Amino acid sequence: MFMGSVIDIRYAQIRDLDLSNGEGIGVAIFVQGCKFHCKNCFNPDTWDFSGGKEWTCEIKEKFFGILDKPYIKRVTILGGEPLADENLEEILELVIEINNRHNIPQHHENVMEKSCNIPFQNIDQKYQSSIRKMIWLYTGYTICMKKRCGEKVLSVRNCDGALDTVLSTKLREKILEHCHVVIDGRYVDEQRDITLLFRGSRNQRLINVNESLRKGQIILWQENDI
């Protein structure tokens, strides 16, 4: 695959005026396939990896056409399970293309800090003003900080059943790096709480990716953070 190609993934639905899966007005794509099968999952039709619809050139053009509209401030990727082993390469390509079209990728901030003597807060102001389309991602995996080559990165907890291979781990970490907000944790029906913002059960967290990478620890997202 290459940038601009049609990714080999199946999807269940594209919601072109999404108000419930993130801050502001967004577009939501529900990817197909999930192995968690949470009790009373709100979207069990997305469990089957062979179900849903094919992502074609026409669908891709429609998706990015919606995303190009000025009132769309966010894209939310959920499912299904975006970080399932079967979906990793395609989801990484998708978030990279979204950022390349609309944003400066997250990791550019760290590169700028290392390459020139600019205070973090000044880089942050420039970076924040460059974000036109926030990327939110929902996953049943639990997100944690891990150390890679002396730096802390966002990754997934091994005990969640993810394949702990070098490739799959690297793909998940790259996907997380290119997002802005990640909602982690499986839906737990016994912890259901309808008063929660953008999540269904109390165990789930809204993680501010940029701040977590900056501070080397999980930082929770708050309204109007980004």
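Residue positions are given per chain, counted from 1 along the sequence in the order it is written. It should be noted that, the model being predicted, local features are given only for residues of pLDDT at least 70 and side-chain atom pairs only at 80 or more, the latter also being counted only at that level, while totals for whole chains, interfaces and linings use all residues. For side-chain calculations, the full set of non-hydrogen atoms in the structure is used, while hydrogens and water are omitted.

A short note on the overall build of the protein chain
In step 1: Each helix is a run of H or I in the DSSP string that is no shorter than four residues. Each strand is a run of E no shorter than two, and both are numbered from the N terminus. Check the secondary structure of the protein chain and you find 6 helices and 9 strands.
In step 2: Long-range contacts, defined here as pairs at least 24 residues apart, represent 63% of the contacts in the protein chain between residues at least 6 apart.
In step 3: When the accessible surface of the protein chain is summed, it comes to about 11,200 Å², and 52% of that surface belongs to carbon and sulfur atoms. Any two residues whose heavy atoms approach within 4.5 Å at even a single point are treated as in contact. Computed with a 1.4 Å probe, the accessible areas rest on the Shrake-Rupley method; for each residue, only the protein chains presented here act as cover.

What to know about a nonpolar patch on the surface
In step 1: For patch building, the residue pool is restricted to those with more than 30% relative accessible area and no salt bridge; the joining distance is 9 Å between like charges and 5 Å between nonpolar side chains (Val, Leu, Ile, Met, Phe, Trp, Tyr). For this analysis, a salt bridge means a side-chain nitrogen from Lys or Arg found within 4 Å of a carboxyl oxygen belonging to Asp or Glu. Taken together, the side chains of Leu-17, Leu-19, Ile-25 and Tyr-71 define a hydrophobic patch exposed on the protein surface, amounting to about 380 Å² of accessible area.
In step 2: Among the structural elements, Leu-17 can be located in strand 1 (residues 10-18).

A few points about the pairing of strand 6 (residues 143-148)
In summary, the side chains of a regular strand alternate between the two faces of the sheet.
In step 1: For strand 6 and strand 7 (residues 151-156), the ladder comprises 6 bridges, and the chain directions are antiparallel. Opposite Ile-143, over in strand 7, you have Val-156 as the bridge partner.
In step 2: The antiparallel pairing of strand 6 with strand 7 creates a hairpin that spans 2 residues between the two strands, and Cys-149 there sits at a positive phi of about 55°. For two strands to pair, DSSP has to find at least two bridges joining them.

Description of the nonpolar core
In step 1: Only buried residues count toward a nonpolar core, which is a set of Ala, Val, Leu, Ile, Met, Phe, Trp, Tyr and Cys residues joined through side-chain atoms within 4.5 Å. For every residue, the accessible area obtained with a 1.4 Å probe (protein chains only) is divided by the maximum for its type, and the residue is called buried under 20%, exposed over 50%, and partly exposed between those limits. Judged by nonpolar contacts, the single largest core of 41 residues is most densely connected at Ile-14, Trp-55, Phe-63 and Ile-77.
In step 2: The greatest single-element share of this core, amounting to 6 residues, is contributed by helix 2 (residues 88-102).
In step 3: Grouped together as the second largest cluster of nonpolar side chains are 12 residues, Met-134, Trp-136, Phe-198 and Trp-221 included.

Re the pattern of salt bridges
In step 1: This structure, assessed with the given rule, holds 12 salt bridges.
In step 2: Arg-172 serves as the salt-bridge partner of Asp-85, at 2.7 Å between the closest nitrogen and oxygen. Residue Asp-85 is located in the loop between strand 4 (74-78) and helix 2, and its partner Arg-172 is located in helix 5 (residues 166-177); the two are separated by 87 residues in the primary sequence.
In step 3: Salt-bridge contacts for Lys-174 lead to Glu-177; the nearest nitrogen and oxygen are separated by 3.6 Å. Note that Lys-174 and Glu-177 are positioned in helix 5 at a spacing of 3 residues, about one turn of the helix.

A closer look at the sheet that holds strand 9 (residues 205-208)
In step 1: Here we have 7 strands laid out as an open sheet, ordered 3-1-2-4-5-8-9, and mixed in their pairing. At either margin of the open sheet sits one strand with a lone partner, and together these are strand 3 (53-54) and strand 9.
In step 2: Where strand 1 and strand 2 (residues 26-31) come together, 5 bridges link them in antiparallel fashion. Across the sheet, the residue bridging to Asp-18 is Gly-26, located in strand 2.

Points about the packing of helix 2 against helix 5
In step 1: To obtain an axis, a line is fitted to C-alpha atoms, over the contacting stretch when the element is a helix, and the angle between two such axes runs from 0 to 180 degrees between their N-to-C directions. One way to put it is that helix 2 packs onto helix 5 with a least axis distance of 9 Å and a crossing angle of 25°. Of the possible angle classes, the one that applies to helix 2 and helix 5 is roughly parallel. Seen from above, helix 2 lies across helix 5 with left-handed handedness. Contacts from Leu-88, Glu-89, Ile-91, Leu-92 and Val-95 of helix 2 reach helix 5 at Leu-167, Ser-168, Leu-171, Arg-172, Lys-174 and Ile-175.
In step 2: Asp, Glu, Lys and Arg are counted as charged, while Ala, Val, Leu, Ile, Met, Phe, Trp, Tyr, Cys and Pro are counted as nonpolar; the rest, among them Gly, fall into the polar class. Classifying every residue of the contact of helix 2 with helix 5 by side-chain character gives 7 nonpolar, 1 polar and 3 charged. Should an angle lie under 35 degrees it is considered roughly parallel, over 145 roughly antiparallel, and from 65 to 115 roughly perpendicular; all remaining angles are considered oblique. Here is the rule for handedness: rotate from the far helix to the near one, and if that takes an anticlockwise turn smaller than a right angle the crossing is left-handed, while a clockwise turn gives right-handed.

Side note on the side chain of His-180
In step 1: Relative to the helices and strands, His-180 resides in the loop between helix 5 and strand 8 (181-184).
In step 2: A residue is classified by how much of its surface remains accessible, and His-180, at 2% relative accessible area, is buried.
In step 3: Reaching out from His-180, the side chain makes a polar contact with the backbone nitrogen of Ile-135 at a distance of 2.8 Å. Between N or O atoms, a polar contact is any pair within 3.5 Å; within protein, one atom must be a potential hydrogen donor and the other a potential acceptor, and residues adjacent in sequence are included only when both atoms are from side chains.

Comments concerning helix 1 (residues 57-67)
In step 1: Of the residues making up helix 1, those classed as buried are Ile-59, Lys-60, Phe-63, Phe-64, Ile-66 and Leu-67. In a view along the axis of helix 1, the buried residues occupy a sector of 155°, so they form one face of it. For helix 1, the exposed residues set more than 90 degrees away from the buried face come down to Glu-58 and Glu-61.
In step 2: Contact partners of the buried residues in helix 1: strand 1, strand 2, strand 3, strand 4 and helix 2. Working note: the arc is built from the helix axis to C-beta atom directions.

That's the geometry; what it means functionally is another story.
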